[in-house]
Amino acid sequence: MTALRTLRRLPELVEAGLVDAACLPALERVAAQYAVAITPAMADLVDAADPDDPIARQFTPSEAELVCLPEEDADPIGDDAHSPVEGIVHRYPDRLLLKVNHNCAVYCRFCFRREMVGPEGLRPLTPEALDAAFAYIAEHPEVWEVIVTGGDPFVLSPRRLADLMRRLDAIDHVKVVRFHTRVPAVEPETVTDDLVAALKSSSKAVYVALHANHARELTPAARVACAKLVDAGVPMLGQTVLLKGVNDDPESLTALMRAFVETRIKPYYLHHGDLAPGTSHLRTSIEDGQALMKAMRGTVSGLCQPTYVLDIPGGHGKAPVGPAFLVDGAVEDFKGRRHPYPPKAR
C-alpha cells in the first residue's frame, strides 16, 4: 500500500505490510528504545515480498536491535568528549559540528546518534543555548568550516535555516558551511524553492552532503530535489554507510556511486559502520570494505570513488582504512598485477 504520511507507530508499519504482526512484542521493545519514522517516499520503495529488501533493512525496526555487544557504545565516535558547549562538537582544528536539532525525517536503524535523536532524545537547542553555540564559533577564529548537522537540519523550516545562515554570515572567519542531510532523498517534496533560497550566502561557500546507501533511494523525485540545489549553485557531496545486506557487494555499491555522480553529487565518504548499540547485524568487517573498494578501483570511474573511513571509537577522529596498493616495493594495478616502483633500469 502507498503511505500517505510518515509512519511512526508499529501498527502503521503492520498495516503498510512492512512488519509482521507476530513480531510486535519484540518490536515494541525496540521502538521503546529507538525512534521509528519511515517517510512515504521510503515506505513506497520497500519490496515487502523481499525479506532482505535493502531499503527495509535501513528503516524498518528489527528484533536484532535488541542484541548489544560489549564493544558497542551510546556515543561510539566520542562526540561528548569534544563538546565544549551544548550543540557544538569541535574535534578538528579548522572545523566543527553545529547540532541545532535532534529530530530527523527518517530514523536509520544503524544511526550512531540513535540514543540522542528522536522524540525521546535530546531536546532542540534553546535560544540561549543557540546563542552560546554561535558565540563559541565567533570566539574561535581557527574555525574555517561549520558543519550543520543534528538530527537533520533540513527538517527545520526555511525561516529557521535562513536565520542560521544569517548568523553564520556575520562571522567573518567562517568561510564554508556544510549541511548534512537525508531529506532530498527521503522527503524530496520538502526541498522547496524557499528552502534552497534559505541556504544562499553572499560570503560563504555552501555545500550539502546527502546521505544515501542504496541506488534505489535516488528516485526521480530525489534527483529533481538535488537538481534544485545544484542548479542554485550549491555543490553536493555523497555520504554512505557500508551496511551488510544493503550495499556490501560490488554491484550495489557501484550502482549507488554511479547514481550519485549521475545526479551531480560527488561521492565523499564511505563510512565503516560505527559501534552503536544494537547495530551488529548491519556491520561488515573492515576487510570486506577494503575488498569492495579494491574491486571498484580501475573498473569504475574515479568520480565514483569515495574515501573509505573509520571513525575511531573514543573521539579520535576519522582515519582512512582503504586498501593498500603499494606492497613490498611494488604497486598493484587494478587487475591485481604487481609492478616494481621505481621500475628497474632496462
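Calculation criteria
Residues numbered from 1 in each chain as written. Predicted model: local features only at pLDDT ≥ 70, side-chain atom pairs only at ≥ 80, totals over all residues. Heavy atoms only, no water. Helix = DSSP H or I, 4+ residues; strand = E, 2+ residues; numbered from the N terminus. Rg over C-alpha atoms; globule rule 2.2 N^0.38 Å. Buried < 20%, exposed > 50% of the residue type's maximum accessible area, 1.4 Å probe, protein only. Contact = heavy atoms within 4.5 Å. Areas by Shrake-Rupley, 256 points an atom, 1.4 Å probe, with all protein chains shown as cover. Lys, Arg positive; Asp, Glu negative; His and termini not counted. Charge placed at Lys NZ, Arg CZ, Asp CG, Glu CD. 1 Å grid on protein atoms, 1.4 Å probe; cavity = no way out; pocket = protein on both sides within 12 Å on 5 of 7 lines; lining within 4 Å. Points joined across faces, edges and corners; volume = space filled by probe spheres on them. Nonpolar A, V, L, I, M, F, W, Y, C, P; charged D, E, K, R; others polar. Salt bridge = Lys/Arg side-chain N within 4 Å of Asp/Glu carboxyl O. Pairing = 2+ DSSP bridges. Right-handed = clockwise from strand over helix to strand, strands pointing away. Axes fitted to C-alpha atoms, helices over the stretch in contact; angles between N-to-C directions. Parallel < 35°, antiparallel > 145°, perpendicular 65-115°, else oblique. Left-handed = near helix turned anticlockwise from the far one by under 90°.

K.L.:
Pulling in residues and values, what's your account of the overall build of the protein?
P.N.:
A tally of regular secondary structure across the protein gives 11 helices and 12 strands. Here the C-alpha atoms of the protein give a radius of gyration of 21 Å, agreeing with the 20 Å that 2.2 N^0.38 yields for 346 residues. Oriented by its inertia axes, the alpha-carbon framework of the protein measures out at about 70 × 55 × 40 Å. Counting across all 346 residues of the protein, residues that qualify as buried make up 52%. Counting only contacts in the protein whose residues sit at least 6 apart along the sequence, the fraction spanning at least 24 positions is 77%. Accessible surface computed for the protein: about 15700 Å², of which carbon and sulfur atoms make up 55%. When the 37 positive and 47 negative side-chain charges of the protein are each reduced to one mean point, those points stand 6 Å apart.

K.L.:
Account for the layout of surface pockets, with residues named and values stated.
P.N.:
By volume, the largest pocket is sized at about 880 Å³. The wall of the largest pocket is formed by 41 residues, among which Phe112, Arg113, Thr149, His180 and Gln239 lie closest to the centre. Of all elements in the fold, only strand 1 (88-92), strand 2 (95-99), strand 3 (145-149), strand 4 (176-181), strand 5 (205-211), strand 6 (236-241) and strand 7 (265-271) reach the threshold of two or more residues within the lining of the largest pocket. Across the lining of the largest pocket, the residue classes break down as 21 nonpolar, 11 polar and nine charged. If you add up the space inside the second largest pocket, you get close to 420 Å³.

K.L.:
Give a description of the pattern of salt bridges that names residues and reports values.
P.N.:
On inspection of all chains with the given rule, the structure shows 20 salt bridges. Where arginine 113 meets aspartate 79, a salt bridge forms, and the shortest distance between an N and an O atom there is 2.9 Å. One end of the pair, arginine 113, is in the loop between strand 2 and helix 5 (127-138); the other, aspartate 79, is in the loop between helix 4 (54-59) and strand 1, and 34 residues separate them in sequence. Residue aspartate 79 is classed as buried on the basis of its relative accessible area of 1%. The network of salt bridges with shared partners includes Asp79, Arg91, Lys99 and Arg113.

K.L.:
Would you mind going over the pairing of strand 5 in detail, with residue names and values included?
P.N.:
The element strand 5 is extensively covered by neighbouring structure, given that five of its seven residues are classed as buried. In this structure, strand 4 lies alongside strand 5, joined through six bridges in parallel fashion. Across the sheet, the residue bridging to valine 176 is alanine 205, located in strand 5. In this sheet, strand 6 lies alongside strand 5 in parallel orientation, the contact comprising four bridges. What sits directly across from alanine 209, in strand 6, is leucine 237.

K.L.:
Talk me through the environment of cysteine 226; I want residue IDs and the actual numbers.
P.N.:
Tracing the backbone through its elements, the reader meets cysteine 226 in helix 9 (residues 220-231). For the pair cysteine 226 and arginine 8, spaced 218 residues apart in the sequence, the C-alpha separation amounts to 26 Å.

K.L.:
Which residues make up the sheet that holds strand 11 (residues 330-332), and what values go with them?
P.N.:
Taken in spatial order, the three strands of this open sheet run 10-11-12, and their pairing is antiparallel. Where the open sheet ends on each side, the last strands, each with one partner, are strand 10 (326-327) and strand 12 (338-340). Bridge count for strand 11 against strand 12 is three bridges, and the pairing is antiparallel. Each residue of the ladder has a partner; that of alanine 330, found in strand 12, is proline 340.

K.L.:
Could you give me a rundown of the pairing of strand 8 (residues 307-311), with the residues and numbers involved?
P.N.:
In terms of burial, strand 8 is largely enclosed, as four of its five residues are buried. Relative to strand 8, strand 7 is paired through three bridges, and the arrangement is parallel. Within strand 8, the residue paired with histidine 271 across the bridge is valine 309. As for the winding sense of the linkage, the β-α-β connection from strand 7 through helix 11 (residues 286-296) to strand 8 is right-handed. Of the pairings in the sheet, the one linking strand 8 to strand 9 (residues 318-320) comprises three bridges and is antiparallel in character. Its bridge partner being in strand 9, leucine 310 is matched across the sheet by alanine 319.

K.L.:
Give a detailed account of the packing of helix 10 (residues 250-262) against helix 11, specifying residues and quantitative values.
P.N.:
Taken N-terminus to C-terminus, the directions of helix 10 and helix 11 make an angle of 60°; their axes are 10 Å apart at the nearest point. Looking at the two axes, helix 10 sits oblique to helix 11. For helix 10 against helix 11, the interelement crossing comes out right-handed. Touching Pro250, Leu253, Thr254 and Met257 of helix 10 are Leu292, Ala295 and Met296, all from helix 11. Of the residues in the contact of helix 10 with helix 11, the class split is six nonpolar, one polar and no charged.

K.L.:
Any chance you could break down the sheet that holds strand 6 for me, citing the residues and the numbers?
P.N.:
Sheets are built from strands that pair by backbone hydrogen bonding, the pairs being arranged parallel or antiparallel. Read from one edge to the other, the open sheet built from nine strands follows the order 1-2-3-4-5-6-7-8-9, with strand pairing classed as mixed. Each edge of the open sheet carries a strand with a single partner, namely strand 1 and strand 9. If you compare each strand with its neighbour and ignore which way they point, the axes differ by 30° on average. The strands touched by helix 6 (residues 158-169) within the sheet are strand 2, strand 3, strand 4 and strand 5, with strand 4 carrying the most contacts at an inclination of about 155°. Of the strands in this sheet, strand 7 and strand 8 touch helix 11, which is tilted by about 165° from strand 8.

The quantities given are spatial measurements derived from coordinates; they are silent on function.
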